[in-house]
Each structure stands twice: as C-alpha cells, then as structure tokens.
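Structural overview
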Amino acid sequence: MATAEISHHEDLVLEPISLTDIKWNVSNGDEAHDFPEVHLDGNQVKYFSAAMGMSSKRKREASLSSPAASNKQTVQNNWRHALMKARSHTDTWEKFHLDHYPTENANRHRYNALQKEWVVDQVSVKVQNESFAHGAMRECYRIKKLSNFSHNQDWRRDSNNAVIKRFIQPVDRQTYFDEVKLQMDAKLWGEEFNRHHPPKQIDFFQMAVLEFVDRPDRPLYHIENFIEGNYVKYNSNSGFVLGDEAHRHTPQALSHFTFERSGHELMVVDIQGVGDLYTDPQIHTVSGTEYGDGNLGTKGMALFFHSHVCNPICTNLGLTPFDLAPSEIALLTANPSASNDVGTVSRGTEEIVVLPSQYQRTHLHEFLRMRSSSSIGSCASLTDSIGEWTANDIADDDGNDSDGGIQLRSRLSSVGKNTISVTSYESTNHIENSSDSVPRRRPRLFSEASSASVTKIDEADRAAFRQSIDKKNRPSGVLAEIEARQKLWDAEEEDSEECDEIRKQRTGGSVLGQIHLDMAKYHEMQRFTKPDSTGYDHEAAFYHLRHAADCGNLEAIITTARIALNLPHDVLPDLDLEESDQNTDMGVDYMRMAAIAGDRAALVYLAKAYDTGKGLGSRPISWSESVYWYTEAIEAVKTSDEEGNYDGTMDDPTYQLLGRLGEMYRDGGHGLESNPAKAADYFTSAADSAMAAMKGRLANKYYALAEEMNALIDEDEI
C-alpha cells in the first residue's frame with residue numbers, strides 16, 4: 001500500500017517490527033499478505049504491515065483463550081478513553097470570565113479535627129461580584145482560587161473553581177468558625193465509618209473560613225470546592241428520613257453508626273449532598289449545647305430513631321437495632337417512604353475520572369490491574385481497589401495540584417482503612433437563572449488534607465482517635481444497656497471502700513434511657529400522630545417509658561411506678577393501668593428503685609406502704625422494713641437525690657415521720673419489737689422538729705409522749 005494511501009487512515013496502529021514478527025511471517029508464506037482487520041472499541045483497524053497484523057492476530061488468539069488478558073485489554077482501552085476525555089475537558093465556568101476579575105488576598109482558616117487546632121494560610125482569589133444562588137439564610141458566589149500546592153498559575157483551570165457563601169443577615173464571626181468545626185468533626189466520623197468497610201464509602205466536603213483581609217471589616221465567608229450533581233437530603237436533624245431510591249441505606253447507617261461508636265455521646269445527622277459526598281451536616285450531642293442551634297440533643301436522637309429501621313448495612317456493621325414498639329415497627333414497615341414535608345431531588349449518577357499519580361504512571365500496568373474490578377463511576381469500588389497501596393507508594397506523588405487530584409491513603413493494619421476524601425460543593429435547594437446555568441459534568445475528586453501526603457503525625461493522631469472510640473462503642477439496645485450497667489456496678493462494687501456509695505448509684509448516666517423518655521414525651525405531644533387521629537399511641541408511649549426506666553432514668557422510674565400504682569403523674573397523665581396485684585407489684589419494684597436513688601417521695605411511699613399494707617400488692621406488712629424507709633426519708637432531707645434534685649417536705653414533714661417512728665417503737669408488732677427508749681428519743685426529736693416548724697401545740701404533744709416513754713423506762717429499771 002502506498003504511503004499516500006495510508007496517510008489518510010486515522011485508525012492505523014503503528015507498532016515496531018520485532019524479530020518474532022519476521023520469523024512468524026516467513027513461516028506462514030503468503031497467508032499474511034492481506035491486511036488483517038480487527039475491531040478495537042467497535043472500530044475497524046488496519047495495520048501498517050502484515051507482520052504487525054499477524055503478531056496482533058497471535059496476541060488476539062492468546063487473549064481470547066485468557067479471560068484475564070481480555071479483561072486487562074478492556075481496562076486499558078477504557079483508561080485510554082478516560083485520559084483523552086480528561087485532556088479535552090474545558091472549564092465549564094469559562095463563560096463567566098472569572099479570570100477577568102481583580103485578584104484579592106485572603107486568609108484561609110482550616111480546622112484540624114484530630115489536633116483540635118486551626119491552621120491559617122494565605123490564598124489568592126478572584127470573586128464574582130453577583131451571587132448566583134441564595135437561600136433563606138445564605139447567599140453563594142462563584143470564586144477562583146489558586147492552589148497552594150501547584151506551580152501552575154492558570155486561573156482558567158476548572159480545578160480552581162470554588163464557591164463561597166455568607167450569611168445574609170449579620171451573625172457573630174464565631175459562627176463561621178463553629179460551622180467549619182462541625183463539618184470537619186463530621187468528616188472525621190465519616191473516615192471512621194469507612195474504616196469498617198461499608199459497601200459504599202462516604203466523605204464530607206472540605207470546608208474552611210475565608211477572610212478577605214483587604215476589604216473593610218475583613219468579612220468572613222465559607223469556602224468549599226465546587227462540584228456539580230443532583231443534591232439530595234437523605235435525613236434531617238428532626239426525624240426526616242428519605243425513603244425512595246431503593247431506600248438509600250448508607251446515610252441512615254452512618255447516623256446510627258456514629259451514635260454507637262461514640263458511646264451514645266453524639267450522632268451525625270442532616271446528611272445531604274451529591275451522591276455519597278456530604279455537606280452541611282448537624283451533630284446532636286448529649287448536652288445539646290455544642291454545634292449551634294441545630295443541635296437538638298437527645299430529643300434529636302429520639303426523632304431519628306423513631307423513623308429509622310435498621311437496614312442491611314447496619315447489620316453488616318454490627319449495629320444493634322433501636323427498640324421500637326410493635327405498632328411503630330409495623331407503621332414504618334408498611335410505609336417506609338419519607339414525609340413530603342422536606343423537598344428533595346432524586347439522586348443522580350456520578351461519573352468519576354481519576355488521573356494517575358506520578359508513582360502510578362510508572363507502574364501503570366499494576367494500577368490498571370488493580371482497577372480492573374472497579375467501575376469508572378464508582379468511588380467506593382475505586383477506593384477498595386487502590387486502598388492497599390502504602391504510604392511509601394504515594395510519598396512521591398506531588399499530584400501537581402492537591403486541589404485537583406486525589407490523595408490516596410494507606411490501609412495499615414494499625415489504623416485501618418481510610419477513604420478517598422472528596423471536597424466539593426453544590427448549593428442547597430437553589431435554582432440558578434437559565435442564563436447562569438451550567439451543563440452537568442463529571443464530579444471531580446478533591447484532596448481533603450492540608451498537605452500533599454499523609455504525615456506520620458496525622459496517622460498517629462488518627463490511631464489515637466480510633467483507640468479512644470474503640471473503648472466507647474455501646475449498642476443501641478436496651479438489653480445490652482442493662483447488661484453493661486450491671487457489669488459496671490459489679491466491677492465497682494469489688495472496691496469495698498466505695499461499696500456502700502456505689503450501691504445507691506443505680507440510676508442516671510444512661511443517654512439511651514433519656515432518648516426513650518424523650519420519645520415517650522413526643523408521643524404525648526402527638527408528634528408522631530397523624531392529623532386525623534384523635535389521640536396518641538398510649539401503648540408505644542408506655543413502651544418507651546418502661547425502657548427508659550429499665551435503663552435507669554430516674555424520672556421514668558418514678559413515672560412508671562406512679563402509673564402502675566394509679567397515683568397522679570406528670571408524664572403521660574391520661575395513661576392508667578388496670579388495678580391488679582401484678583401491676584401493683586411492678587409499681588412497688590420501680591418505686592423501690594426510685595427510693596434507692598434517693599427520691600424522698602418514693603422513700604415515704606415505701607415507708608407508709610410497709611407500715612399500713614396499702615399499695616403493697618402481694619407483699620406483707622413489715623414494720624422493720626418500714627422503719628428503714630422512714631429513716632432514709634428523714635435523712636434524705638439533708639441531701640439531694642442522684643439527679644441532684646431536692647424534694648420538699650410540705651406533704652410529709654420530718655416531725656410527722658419522727659412521730660410515727662416513735663409510735664411504732666412504742667407499740668411494736670409486725671416484726672418490730674417494742675422499745676420505749678427508742679420511742680422516747682424519736683418523740684423528743686419530733687417535738688424539736690415541730691417547734692422549729694412553728695408547730696407549738698404539736699410539739700407539746702410529742703414532748704408529753706416522750707415523758708410517758710421515759711416513765712416506762714424508769715419503771716422497768718425499778
């Protein structure tokens with residue numbers, strides 16, 4: 001074939017002729033004079049020489065007999081197309097001409113969640129004058145930022161695209177820093193989630209505070225890298241859970257996971273973002289005081305668990321299902337779809353292009369082999385494929401641009417497996433004007449770290465963090481909570497010096513118990529009731545109240561006892577149980593728990609019950625038991641209960657309790673021997689207490705009874 005005839009073919013494959021090609025060509029005679037044809041990626045390809053074609057044919061025959069070789073060829077072809085597409089990719093913000101805006105200097109404040117400290121550096125930016133989107137609280141601006149990790153100063157690179165946002169109404173400057181701290185703490189928990197190998201790994205966008213030092217008053221903005229895609233809100237901080245698209249399991253499992261792994265100390269909620277790249281989360285804590293006004297404390301945790309049914313990912317992660325009433329489970333199972341009160345958009349599919357690092361370029365065959373089992377559009381599978389690479393493998397990877405490349409982290413046995421961090425942004429629930437709309441493009445992966453490689457200090461901090469939370473892991477089930485509390489008490493009671501004090505510390509300290517109590521109160525408030533219902537689910541409310549009591553919540557213990565004994569109660573006031581010995585026995589059991597915790601009303605109830613036999617159920621009268629509880633009730637006036645509360649004495653003043661003790665020792669009976677000496681002492685103490693309470697006539701009565709007991713003592717001595 002003439003050279004001119006060949007030159008117009010764009011699909012020629014030019015390869016050098018090897019000695020093997022020549023020998024193979026001679027041995028096959030004229031058979032190879034025709035140009036062999038193969039199909040590469042669906043295109044017919046002609047070769048420059050017969051030798052090349054015959055060599056290619058031999059390689060093809062070998063590849064057909066070897067599935068691994070065929071798979072390798074497919075991956076190489078896919079990778080080649082991906083590289084070509086990446087090279088031809090242009091800046092989608094080119095039409096906004098951000099590179100024409102003046103360059104400004106700014107201080108970037110980044111938060112290190114491991115070391116609990118802020119890092120400040122200087123950056124150069126170009127900001128669009130007009131905001132392109134806004135919500136109820138914040139407005140967003142397009143921005144170009146030059147990377148500190150790249151020598152390329154081309155503003156037109158799309159890796160320099162970012163978004164800054166500020167509050168429309170003035171807020172305290174500290175609010176900007178608090179929100180960054182919240183998101184970076186959530187990002188740390190996202191890495192811990194990935195370490196347990198979920199089916200899909202997740203990440204939270206990198207976020208920082210940008211301070212414009214040359215502008216008046218040095219205004220603050222939040223800055224995040226930009227990424228396009230469909231923005232979805234998977235759950236909220238007040239119980240909303242997205243129920244469509246095959247019931248996205250990963251975001252809900254993440255919230256459940258953070259609750260257990262933190263030892264019930266916190267829960268990451270308000271999961272939203274593009275795919276499995278999240279932004280603007282909220283963290284509920286036990287105290288409810290950190291992380292801004294969106295922190296609803298245990299009430300927010302209760303709202304999440306009421307709408308959460310454990311999914312396969314929860315099971316694979318070893319999470320314990322939260323206890324829900326049968327009626328609640330039936331409702332969630334029958335209607336798993338989320339409420340329409342929270343507007344969302346359906347989640348789209350992302351197509352990810354990842355450029356190889358410098359090290360990977362020199363080991364391209366190994367890199368392609370490791371990626372062969374993963375899809376180009378799957379961030380999770382990509383992480384699984386390359387997660388085995390060590391830190392030494394990527395130490396030489398400058399990435400050219402840390403904001404535009406990816407940072408691979410080692411999967412070491414001591415610290416576990418980390419995620420590929422992705423920092424990006426898409427404005428929440430905003431619709432741009434048609435003139436500013438940008439066509440969809442591939443999401444880009446961005447580095448999370450403040451440096452181009454993982455330092456030994458970072459890994460040491462991560463190892464320390466994981467070691468600390470490994471000790472905190474606590475299941476979400478009530479049975480496991482009861483067993484854990486019992487083991488704690490048993491271990492502490494081995495110390496004889498603190499034995500007496502520990503025996504009384506049987507309540508309080510259970511976050512799980514408080515969550516169940518909050519859920520019972522939400523039922524009473526009809527938070528979970530349909531608009532057309534006439535009342536709330538009493539059975540479910542009492543179910544959670546009992547679980548709270550079993551977890552040691554003192555308020556729940558007292559309320560459960562009073563409900564079972566048909567006594568007035570503040571929580572669930574319209575809930576009554578049928579009078580029976582079984583319910584009465586249950587009420588006395590809970591009342592005893594409250595009495596041990598130091599609740600004076602419970603102490604008085606038990607003292608009177610064992611004194612008179614009323615409200616005891618199947619238990620017999622026992623004055624010796626009654627004396628013990630009367631004495632404890634008198635001493636309780638001097639101290640608070642285990643929750644730090646002091647009970648009043650107007651209903652059962654101390655002088656009345658002392659007077660009753662004097663009468664019991666005077667009369668004797670029901671297992672208590674008569675003792676005039678003790679009776680005289682109690683009557684005297686009752687008289688003194690009555691005198692202090694300005695009850696003069698009653699004090700005289702007790703003084704007279706004390707004299708009678710002293711007279712009996714004198715007669716016995718004679």
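Structure: above.
Let me begin by describing the structure that accompanies this report.

Conventions used here
Residues numbered from 1 in each chain as written. Predicted model: local features only at pLDDT ≥ 70, side-chain atom pairs only at ≥ 80, totals over all residues. Heavy atoms only, no water. Helix = DSSP H or I, 4+ residues; strand = E, 2+ residues; numbered from the N terminus. Buried < 20%, exposed > 50% of the residue type's maximum accessible area, 1.4 Å probe, protein only. Contact = heavy atoms within 4.5 Å. Areas by Shrake-Rupley, 256 points an atom, 1.4 Å probe, with all protein chains shown as cover. Polar contact = N/O pair within 3.5 Å; in protein donor to acceptor, adjacent residues only side chain to side chain. Axes fitted to C-alpha atoms, helices over the stretch in contact; angles between N-to-C directions. Parallel < 35°, antiparallel > 145°, perpendicular 65-115°, else oblique. Left-handed = near helix turned anticlockwise from the far one by under 90°. Nonpolar A, V, L, I, M, F, W, Y, C, P; charged D, E, K, R; others polar. Disulfide = S-S within 2.5 Å. Phe/Tyr/Trp six-rings, centres within 6.5 Å; stacked < 30°, edge-to-face > 60°. Pairing = 2+ DSSP bridges.

Description of the overall build of the protein chain
Of the regular secondary structure elements, the protein chain holds 25 helices and 15 strands. Buried residues in the protein chain amount to 48% of all 718 residues. Restricting the contact set of the protein chain to residue pairs at least 6 apart, pairs at least 24 apart contribute 67%. As displayed, the protein chain offers around 35,300 Å² of accessible surface, 50% of which is attributable to carbon and sulfur atoms.

So, helix α19 (residues 554–564)
Burial analysis of α19 places nine of its eleven residues in the buried class, the great majority of the element. Taken together, the buried positions of α19 are occupied by Leu554, Ala556, Ile557, Ile558, Thr559, Thr560, Ala561, Ile563 and Ala564. Against the buried residues of α19 lie α17 (511–524), α18 (538–550) and α20 (581–596). The residue sitting at the N-terminus of α19 and contributing the capping side-chain oxygen is Asn553; that oxygen lies 3.2 Å from the backbone nitrogen of Glu555. Positive backbone phi, at 55°, marks Asn566, one or two positions downstream of α19.

Re the packing of α17 against α18
One way to put it is that α17 packs onto α18 with a least axis distance of 8 Å and a crossing angle of 160°. Here α17 is positioned roughly antiparallel relative to α18, judged by the angle of their axes. Note that α17 runs across α18; the crossing there is left-handed. Of the residues in α18, those touching α17 at Gly513, His516, Leu517, Met519, Ala520 and His523 are Ala540, Ala541, His544, Leu545, His547 and Ala548. Residue composition of the contact of α17 with α18, by class: seven nonpolar, five polar and no charged.

Regarding the state of the cysteines
Within the structure shown, the criterion is met by zero disulfides. Not part of a disulfide, Cys314 finds its nearest cysteine sulfur in Cys310, a span of 4.2 Å. Cys314 sits in the buried class, given a relative accessible area of 1%.

Some words on the packing of aromatic side chains
Evaluated as defined, the whole model comprises 17 aromatic pairs. Between Trp93 and Phe226, the aromatic rings sit 4.7 Å apart at their centres with planes inclined by 50°, giving tilted as the arrangement. With Trp93 in the loop between α4 (67–87) and β3 (104–112) and Phe226 in the loop between β10 (220–225) and β11 (231–233), the pair connects residues that are 133 residues apart, well separated along the chain. Judged by its relative accessible area of 1%, Trp93 falls in the buried class. With a centroid separation of 5.1 Å and 80° between ring planes, the pair formed by Trp118 and Phe177 is classed as edge-to-face. One end of the pair, Trp118, is in strand β4 (residues 117–127); the other, Phe177, is in helix α5 (residues 173–195), with 59 residues separating them in the sequence. Under the relative-accessibility criterion, Trp118 is labelled partly exposed at 34%.

Considering the sheet that holds strand β8 (residues 203–204)
On the basis of which strands lie adjacent, the open sheet formed by four strands has the order β8-β14-β13-β11 and mixed pairing. The open sheet terminates on both sides in strands that have one partner only, identified here as β8 and β11. In this structure, strand β13 (residues 272–274) lies alongside strand β14 (residues 277–278), joined through two bridges in antiparallel fashion. If you follow Gly273 over to β14, its bridge partner there is Tyr278.

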